[in-house]
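A look at the structure
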Amino acid sequence: MLFFVCLIGAITPGPDIFLVIRNCLKFGFLASIKILCGIATGWIIMFAIIYVGLAKFVQSNIIQAIIGAIGGIYLIYVAFHLIKSKECDIKTDEKSSADSYLKALIINISNPKAILFFIIILSPFIEKGLSISIAVSFFGLLSGFLIIIAACCLFRSFISPYTFMIIDRICAVLFFIFALLLIYNAYIKINT
């Protein structure tokens, strides 16, 4: 059951999955794997927080507000760069951004969906059997992202450079909306 909870959690819309889809469609398989490695590092950080018992600390309104504000500002930065992108040829894996790993890590650890998923949904499962629960959770999340990457790789060849520009614009708008929600939630948490 935990595997399927993680699989479904991984493929539900959020900044992480949109970043993977965008990079897979635009840059290819290797670029999406770099993004997935950054996101997976974020998962490991979350598992470590749960493992050492800091989940209650991260649930603090101030900590969540700080994480949300930083994440919101970073998502606005990413959205701005996506809006500036122009129509271009499909890039190869080698030309993908060198900072994609770090970008994915920052987006993941500042993503309130990911934080809530780990702390609220996974914590009860993990407390029952720590090591096996962490392994099952990790492979469930990984499987969800790999399914999305495989699907994107299949459809990548059917997308024109103009369509990539449209995908960048859509991702920019979605990231901007996520950023505004993060900043708004940070504001609410500080004032409560």
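Structure shown above.
Below, the structure is looked at part by part. (Residues numbered from 1 in each chain as written. Predicted model: local features only at pLDDT ≥ 70, side-chain atom pairs only at ≥ 80, totals over all residues. Heavy atoms only, no water.)

The next point concerns the overall build of the protein. Of regular secondary structure, the protein possesses 9 helices and 0 strands. A buried classification covers 44% of the 192 residues belonging to the protein. A sequence separation of at least 24 residues applies to 89% of the contacts in the protein between residues at least 6 apart. Just so you have it, the protein exposes about 9,900 Å², and 76% of that area is on carbon and sulfur atoms. (Helix = DSSP H or I, 4+ residues; strand = E, 2+ residues; numbered from the N terminus. Buried < 20%, exposed > 50% of the residue type's maximum accessible area, 1.4 Å probe, protein only. Contact = heavy atoms within 4.5 Å. Areas by Shrake-Rupley, 256 points an atom, 1.4 Å probe, with all protein chains shown as cover.)

Another point: the nonpolar core. Formed by 43 residues in total, the largest nonpolar core has its most connected members in I39, W43, F118, L141, F145 and F175. Residue assignment for this core shows that the elements contributing at least two residues are α1 (2-11), α2 (15-27), α3 (29-51), α5 (61-84), α6 (100-109), α7 (112-128), α8 (130-155) and α9 (161-190). Once residues within four sequence positions are removed from consideration, F145 is found in contact with A10, D16, I17, V20, L36, I39 and W43. (Core = buried A, V, L, I, M, F, W, Y, C linked by side-chain atoms within 4.5 Å.)

In this approach a probe as big as a water molecule rolls over the atoms, and the regions it shows empty are the leftover space. On inspection of all chains with the given rule, the structure shows 1 cavity of 30 Å³ or more. Roughly 120 Å³ of volume is contained in the largest cavity. Around the largest cavity sit 13 residues that line it, and G9, A10, D16, K113 and A114 are the ones nearest its centre. Elements that contribute at least two residues to the lining of the largest cavity include exactly α1, α2, α7 and α8. The greatest single-element share of the lining of the largest cavity, amounting to 4 residues, is contributed by α7. Looking at side-chain class alone, the lining of the largest cavity contains 8 nonpolar, 3 polar and 2 charged residues. (1 Å grid on protein atoms, 1.4 Å probe; cavity = no way out; pocket = protein on both sides within 12 Å on 5 of 7 lines; lining within 4 Å. Points joined across faces, edges and corners; volume = space filled by probe spheres on them. Nonpolar A, V, L, I, M, F, W, Y, C, P; charged D, E, K, R; others polar.)

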